[in-house]
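Fold and contact review
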There are 6 protein chains.
Amino acid sequence: MRLSARNMLKGKVKAVTHGVVESEVVLELSPGVEIVSTITKGSAEHLGLKVGDTAWAVIKASNVILATE
Amino acid sequence: MRLSARNMLKGKVKAVTHGVVESEVVLELSPGVEIVSTITKGSAEHLGLKVGDTAWAVIKASNVILATE
Amino acid sequence: MRLSARNMLKGKVKAVTHGVVESEVVLELSPGVEIVSTITKGSAEHLGLKVGDTAWAVIKASNVILATE
Amino acid sequence: MRLSARNMLKGKVKAVTHGVVESEVVLELSPGVEIVSTITKGSAEHLGLKVGDTAWAVIKASNVILATE
Amino acid sequence: MRLSARNMLKGKVKAVTHGVVESEVVLELSPGVEIVSTITKGSAEHLGLKVGDTAWAVIKASNVILATE
Amino acid sequence: MRLSARNMLKGKVKAVTHGVVESEVVLELSPGVEIVSTITKGSAEHLGLKVGDTAWAVIKASNVILATE
């Protein structure tokens, strides 16, 4: 499957925290560089995400804010 | 200023393309790893973004979709 | 590839309009039921979207607002 | 009230799950075609959503990612 | 119509700029306090937005990032 | 730090509610005008948000839907 989302960053699952409706997943993109995602708990269970799994962070370009000093 | 957005990825501006209302900015996070952002043209001009500038990609955790194989 | 986005709605591409940076794509989900997406022009070209193609609308649950009468 | 969001998909509430802060609502758009929304628990209570209610999924075009095979 | 979006901020249209696919609309919420929205050009035309019109900025709680000093 | 997000609305923290993964924060922008944000609990704790604190609501223009009567 190909996606229109321009950003697909590959990483390793570092942590998964489940709430009642939402779950928080931390991916390590490279040593010291992490990305955090909140997805529905249903999604986290559907994907069966576990620490050490390979996963991609998929981010639409319109959801990326830029900051400068 | 501190932000609630959990994801702040540092990179170098690699390309800036202006439309009428929107602009597309490509940041290089590390060799071969890029992130694309679309922001309003007004923002791009306000930040004065140029190739080679340091900038951060700011992404809310709720805007990160996860994909697995 | 499996996605954490809970919503993947299958449809046929009905129209593609290109801007300078953004493109607008209309999918027909079922007779009379359409969904509109704006993606970067780069994405539309990368996917090579044409009228009649099969495509899925991928929507994160946190991006769905609900309305009632 | 008229909205700028281009996507308003009509459906029936099929399930409502409350968390502490967030609630998950499943709408059936047509037989076998569902859409999932996560909204704040305050919103779900404010709208008084119950199974069987008619509701619309309101989605901004810029929040629709496209996928192709 | 009632919306699950928790934020509905009332204002006056102060400016409308049309691109090819996207339009930028500036609302004045109160003297000196503005909010900017980018919507599809189709939406702006569908709503017939003109300077001086009353309009509401509708923002999902999950799309609000917080910043502190 | 300067942000590409066009909307930075200054307010006072009026309420903070923590869930397991998410927290809800209410800012008062001006008397009777509030804005609600849901952020990850980790973010709320990282920012140390308390009632009475000054904070800004940061909103990307592409996340603002418009409504008219």
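Residues numbered from 1 in each chain as written. Chains lettered and ligands numbered in written order. Predicted model: local features only at pLDDT ≥ 70, side-chain atom pairs only at ≥ 80, totals over all residues. Heavy atoms only, no water.

By the naming in an unreviewed UniProt entry, chain A is Molybdenum-pterin-binding protein, taken from Geothrix limicola.

**What to know about the overall build of chain A**
Assigned secondary structure in chain A consists of one helix and six strands. Traced from its N-terminal end to its C-terminal end, chain A shows the element sequence β-β-β-β-α-β-β. C-alpha extents for chain A along the principal axes are approximately 35 × 25 × 25 Å. Per element, the accessible surface of chain A, about 2600 Å² overall, is 51% carbon and sulfur. In chain A, 8 positive and 7 negative side-chain charges are present, and the distance between their average locations comes to 11 Å. (Helix = DSSP H or I, 4+ residues; strand = E, 2+ residues; numbered from the N terminus. Areas by Shrake-Rupley, 256 points an atom, 1.4 Å probe, with all protein chains shown as cover. Lys, Arg positive; Asp, Glu negative; His and termini not counted. Charge placed at Lys NZ, Arg CZ, Asp CG, Glu CD.)

**What about the side chain of Ser 4 of chain D?**
Within the fold, Ser 4 of chain D resides in the loop between strand E1 (2–3) and strand E2 (7–18). On the accessibility criterion, Ser 4 of chain D (3% relative accessible area) is buried. Every residue in contact with Ser 4 of chain D, bar those within four places of it in the chain, is listed here: Ile 39, Ser 43 and Leu 47 of chain E together with Ile 65 and Leu 66 of chain F. (Buried < 20%, exposed > 50% of the residue type's maximum accessible area, 1.4 Å probe, protein only. Contact = heavy atoms within 4.5 Å.)

**As for the interface of chain B and chain A**
Each partner contributes residues to the interface: chain B has 31 residues there, and chain A has 31 residues. Where chain B abuts chain A, roughly 2800 Å² becomes buried across the two surfaces, and 62% of that area is made up of carbon and sulfur atoms. On the surface where chain B and chain A come into contact, there are two salt bridges. Among the ionic pairs, Arg 6 of chain B bridges to Glu 24 of chain A, the shortest N-O distance being 3.1 Å. Where the side of chain B that touches chain A is concerned, the elements lending two or more residues are strand E2 (7–18), strand E3 (22–30), strand E4 (33–40), strand E5 (54–59) and strand E6 (65–68) of chain B. Sort the elements by how many residues they give to the side of chain B that touches chain A and E4 of chain B lands first, with seven residues. Residue classes in the side of chain B that touches chain A are distributed as 20 nonpolar, seven polar and four charged. (Buried area = accessible area lost by both parts, 1.4 Å probe. Salt bridge = Lys/Arg side-chain N within 4 Å of Asp/Glu carboxyl O. Nonpolar A, V, L, I, M, F, W, Y, C, P; charged D, E, K, R; others polar.)

**Points about the relation of the copies chain B and chain A**
The operation relating chain B to chain A is a screw motion whose rotation component is 180 degrees, with 0.0 Å of axial translation and a residual RMSD of 0.0 Å. The superposition operator between the copies reduces to a two-fold rotation axis. Looking at the rotation axis and the C-alpha trace of chain B, the residue lying nearest is Asn 63 of chain B, at 3.3 Å. A share of 100% of the interface residues of chain B reappears at the interface of chain A, consistent with the copies meeting face to face through the same patch. (Least-squares fit on C-alpha atoms with pLDDT ≥ 70 in both.)

**Examining the UniProt feature "domain: Mop" (unreviewed entry) in chain A**
With numbering aligned to this structure, UniProt lists the feature "domain: Mop" (unreviewed entry) at residues 2–68 of chain A. In the segment residues 2–68 of chain A, helix accounts for 10% and strand for 61%; the C-alpha atoms at its two ends are 32 Å apart. (UniProt positions renumbered as here; feature names shortened; annotations may be inferred.)

**Observations regarding a nonpolar patch on the surface**
A cluster of nonpolar side chains, namely Met 1 and Met 8 of chain A together with Met 1 and Met 8 of chain C, defines an oily patch on the protein surface of about 310 Å² accessible area. Mapped onto the elements, Met 1 of chain A comes out in the segment before strand E1 (2–3). Residue Met 1 of chain A is classed as partly exposed on the basis of its relative accessible area, which comes to 36%. (Patch = residues over 30% accessible without salt bridge, like charges linked within 9 Å, V, L, I, M, F, W, Y side chains within 5 Å.)

**Some points on the pairing of E6 of chain B**
Going residue by residue along E6 of chain B, you find Ile 65 and Ala 67 of chain B tucked away on one face and Leu 66 and Thr 68 of chain B tucked away on the opposite face as well. In terms of strand pairing, E6 of chain B meets strand E1 (residues 2–3) of chain C through two bridges, oriented antiparallel. Across the sheet, residue Ala 67 of chain B finds its bridge partner in E1 of chain C, namely Leu 3 of chain C. (Pairing = 2+ DSSP bridges.)

**Let's talk about the environment of Lys 60 of chain B**
With respect to the helices and strands, the residue Lys 60 of chain B is situated in the loop between E5 and E6. Sequence-wise, Lys 60 of chain B and Ser 4 of chain B are 56 residues apart; in three dimensions their C-alpha atoms are separated by 7.9 Å. Discounting chain neighbours no more than four positions away, the residues touching Lys 60 of chain B are Ala 5 and Asn 7 of chain B, Ser 62, Asn 63, Val 64 and Ile 65 of chain E together with Thr 38 and Ile 39 of chain F. Here the side chain of Lys 60 of chain B touches Ser 62 of chain E through a polar contact of 3.0 Å, landing on its backbone oxygen. (Polar contact = N/O pair within 3.5 Å; in protein donor to acceptor, adjacent residues only side chain to side chain.)

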